[in-house]
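For reference, the chains in residue letters:
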Protein chains: 2
Amino acid sequence: MEGMGEDTMKGKSTGRGRYHHGDLRGALLDAAEALVRERGVDGWSLREASARVGVSPSAAYHHFSSRDALVGALSLRVLGQLGERMGRAADLPAEADPHRRLVAVGQAYVRAALEDPAVTRLAFGAGASPAGRGSGVEPRESGVDPLAPHPHRVLDAELDLLVKSGHLAPAARTGADFVVWTAMHGLAALLADGLIAVDGPEAADRQTERTVRATLTGLHHEATPSEPWPTPHSAHTTRTADAPS
Amino acid sequence: MEGMGEDTMKGKSTGRGRYHHGDLRGALLDAAEALVRERGVDGWSLREASARVGVSPSAAYHHFSSRDALVGALSLRVLGQLGERMGRAADLPAEADPHRRLVAVGQAYVRAALEDPAVTRLAFGAGASPAGRGSGVEPRESGVDPLAPHPHRVLDAELDLLVKSGHLAPAARTGADFVVWTAMHGLAALLADGLIAVDGPEAADRQTERTVRATLTGLHHEATPSEPWPTPHSAHTTRTADAPS
DNA sequence: CCCTCCATCTTAACAGTGCTCAGATTGGTG
DNA sequence: CACCAATCTGAGCACTGTTAAGATGGAGGG
């Protein structure tokens, strides 16, 4: 779905051997994303990404001021894609019920974390790195579709819709976005970090639905008893701190 | 509260110059934790931690099979401390109301993330690293109080109590721990990753209370309209992907 | 057409990293 | 006291992020 189409202009094919790559910045982002997916958030190096693109290590520094900047840019791109995905999920004509729309948004959010845990982890965590903020020179945020909405904004719009349609009391609207975001994000983070395991995307969807609905109507007001539940990857049981020789 | 008391047995003082350190493993964990606090999850090196303890870099490898193993052990220790903290918060005689107990547990969880974002991030994220699982030799999980309960277990017990006291329908009990954990964890993760900002611990406490209560009674059934809300550190606005020279 | 400009990329190098291995140093045990 | 096994040291390897100085070649003006 990506990784092909390395140069959009000019002839030739892979860009290997070409001195001027065409879109090195994008290619580096692609390579980094693939590496993150393959080997985890930190299981790769700038040099490796450069080599994969067919370029010397220092070439990357003409597009990103540091490795952290690369990660930050990738984070932005992934967050944008996530926002788009959420928006698309909400606009599916399947069911126009505002509750269902919100559930769909949450499911898109959580599924992304389930399908691509490492990339999602990177996307969420890039802001906390020490050099994350002020390492750059110029803010020109190229490479990212500036129209791509942040996940939080998509959620916010959805809640407005919920109020307008009379499904949420205006008094409860203030800050409700954070409550719902928190719920979605918690599930996504627990899955991405491997602290919880579910078997299959459908199970994740059910869990997401219950979580989102609970924040709206409350666990107290549940009708249907429910099905198989996540299993905790209990760190105390599973993970071990080892001592060698 | 920690970092002092380097050698519990034998005389001398700092352990510097002593060939046998006494408790190098613990000292390394302390140093690593301090470094994480000071410079972020990845802003430190094994060598640096070793140097801070006054020991050669390779000494660490007699206690941890790799750097990742150190991080994993630290994660376990921090999670244990978090569990204890949650348990303590629940047992405060302040208010015995089961709802309030659950809120207190959540507040302990979230406050930890707020006070020590980097360490908390490490604690949660250590399991997802590629070498996290099978890198070790022997599972002897020394150094960690084996009685320290995992946060999830504390939460679970609290929900049982909620059912026993008639505040939660048994039908809704199954999987409710995951729903509540998800909510707490989402807030903690968003705060630790800097995707949300609140001003002061009290604001965080209020947000936590609302979040936990929402998962129980639902946003729909809220009575009191509420106060200042978190501000999104909107990544699209704040963070920038930079391009040099 | 050529020629200059300058963004783009390269080669070379530096300090610092995780990790290994052969050997020095010890506290405890026979 | 002598030994042993645990503990720590020192040197060294392959690799990392990052920087500096020089090569390359596409774009635009003459």
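Since the structure is predicted, the reported quantities are computational estimates derived from the model, not experimental observations.

Peer 1: Can you walk me through the overall build of chain A in this structure?
Peer 2: Per the secondary structure count, chain A includes 9 helices and 2 strands. Sequence-ordered secondary structure for chain A, helices as α and strands as β, is α-α-α-α-α-α-α-β-α-β-α. Residues classed as buried in chain A amount to 51% of the 245 residues present. Within chain A, contacts between residues at least 6 apart in sequence are counted, and of these 68% link residues at least 24 apart. If you sum the accessible surface of chain A, you get close to 11,200 Å²; carbon and sulfur atoms cover 55% of it.

Peer 1: What's the story with the packing of aromatic side chains in this structure? I'm lost.
Peer 2: Remark: the centre distance and the inter-plane angle together describe each pair of aromatic rings, the angle taken between the planes. Tallied over the entire structure, the rule returns 2 aromatic pairs over all chains. Lying over the aromatic face of A:Trp44, A:Arg67 brings its terminal NZ or CZ to 4.2 Å of the ring centre.

Peer 1: How should helix 7 (residues 176-192) of chain A be read in this particular structure?
Peer 2: Owing to its 3.6 residues per turn, the α-helix aligns residues three or four sequence positions apart on the same side. In this model, helix 7 of chain A (17 residues) spans 24 Å end to end at C-alpha, consistent with the 24 Å of a helix rising 1.5 Å per residue. Most of helix 7 of chain A is tucked away, with 17 of its 17 residues classed as buried.

Peer 1: Sorry, what's going on with helix 5 (residues 117-125) of chain A here?
Peer 2: Among the 9 residues that make up helix 5 of chain A, 7 are buried, leaving the element largely enclosed by the rest of the structure. Taken as a whole, helix 5 of chain A has its buried residues at A:Ala118, A:Val119, A:Thr120, A:Leu122, A:Ala123, A:Phe124 and A:Gly125. Taken together, the buried residues of helix 5 of chain A touch helix 1 (24-39), helix 3 (67-91), helix 4 (98-115) and helix 7 of chain A together with helix 5 (117-125) of chain B.

Peer 1: Quick question: what am I supposed to make of the pattern of salt bridges here?
Peer 2: Should their charged atoms come close, side chains of opposite charge can pair. Counted by the stated rule, this structure contains 38 salt bridges over all chains. A salt bridge links B:Glu48 to B:Arg39; the shortest N-O distance between them is 1.5 Å. A salt bridge links B:Glu158 to B:Arg101, with the shortest nitrogen-to-oxygen separation between them at 2.4 Å. On the criterion of sequence distance, the pair formed by B:Glu158 in helix 6 (residues 151-164) and B:Arg101 in helix 4 (residues 98-115) is long-range, its members being 57 residues apart. Taken individually, B:Glu158 and B:Arg101 each receive the classification buried, so the pair is uniform in this respect. Through salt bridges with shared partners, one network takes in A:Asp30, A:Glu33, A:Arg37, A:Arg77 and A:Asp116.

Peer 1: Explain the side chain of A:Arg101 here, please?
Peer 2: What makes A:Arg101 buried here is its relative accessible area of 15%. Separated by 3.3 Å, the side chains of A:Arg101 and A:Asp91 make a polar contact.

Peer 1: Got a minute to help me understand the packing of helix 7 of chain A against helix 8 (residues 201-217) of chain B in this structure?
Peer 2: The description of two packed helices rests on the angle between their axes and on the distance between the axes. Interaxial distance between helix 7 of chain A and helix 8 of chain B falls to 10 Å at its minimum, and their mutual angle equals 70°. Considering their axes alone, helix 7 of chain A and helix 8 of chain B lie roughly perpendicular with respect to each other. When you trace helix 7 of chain A past helix 8 of chain B, the crossing you get is right-handed. Listed contacts from helix 8 of chain B to A:Ala176, A:Phe178, A:Val179 and A:Thr182 of helix 7 of chain A are B:Gln207, B:Arg210, B:Thr211 and B:Ala214. Classifying every residue of the contact of helix 7 of chain A with helix 8 of chain B by side-chain character gives 4 nonpolar, 3 polar and 1 charged.

Peer 1: Which parts of the structure should I look at to understand the packing of helix 3 of chain A against helix 5 of chain A?
Peer 2: Residue and element names in this part refer to chain A. Direction vectors running N to C along helix 3 and helix 5 enclose 110°, while the axes themselves pass 8 Å from each other. Looking at the two axes, helix 3 sits roughly perpendicular to helix 5. Contacts between helix 3 and helix 5 involve Val71, Leu74, Ser75, Val78, Leu79 and Leu82 on the former and, on the latter, Val119, Leu122, Ala123 and Phe124. A breakdown of the residues in the contact of helix 3 with helix 5 according to their chemical character gives 9 nonpolar, 1 polar and no charged.

Peer 1: Sorry, what's going on with the confidence of the model for chain A here?
Peer 2: When pLDDT drops low, the exact placement of atoms in the prediction is not to be read closely. With 77% of its residues at a pLDDT of at least 70, chain A reaches an overall mean of 83. Ignoring residues within four places in sequence, the model shows residues 130-143 of chain A, a span with pLDDT below 50, making 26 contacts including any to other chains.

What counts, and where the lines are drawn
- Residues numbered from 1 in each chain as written.
- Chains lettered and ligands numbered in written order.
- Predicted model: local features only at pLDDT ≥ 70, side-chain atom pairs only at ≥ 80, totals over all residues.
- Heavy atoms only, no water.
- Helix = DSSP H or I, 4+ residues; strand = E, 2+ residues; numbered from the N terminus.
- Buried < 20%, exposed > 50% of the residue type's maximum accessible area, 1.4 Å probe, protein only.
- Contact = heavy atoms within 4.5 Å.
- Areas by Shrake-Rupley, 256 points an atom, 1.4 Å probe, with all protein chains shown as cover.
- Phe/Tyr/Trp six-rings, centres within 6.5 Å; stacked < 30°, edge-to-face > 60°.
- Lys NZ or Arg CZ within 6 Å of the ring centre and 35° of its normal.
- Expected span 1.5 Å × (residues − 1).
- Salt bridge = Lys/Arg side-chain N within 4 Å of Asp/Glu carboxyl O.
- Polar contact = N/O pair within 3.5 Å; in protein donor to acceptor, adjacent residues only side chain to side chain.
- Axes fitted to C-alpha atoms, helices over the stretch in contact; angles between N-to-C directions.
- Parallel < 35°, antiparallel > 145°, perpendicular 65-115°, else oblique.
- Left-handed = near helix turned anticlockwise from the far one by under 90°.
- Nonpolar A, V, L, I, M, F, W, Y, C, P; charged D, E, K, R; others polar.
- pLDDT = per-residue confidence, 0-100.

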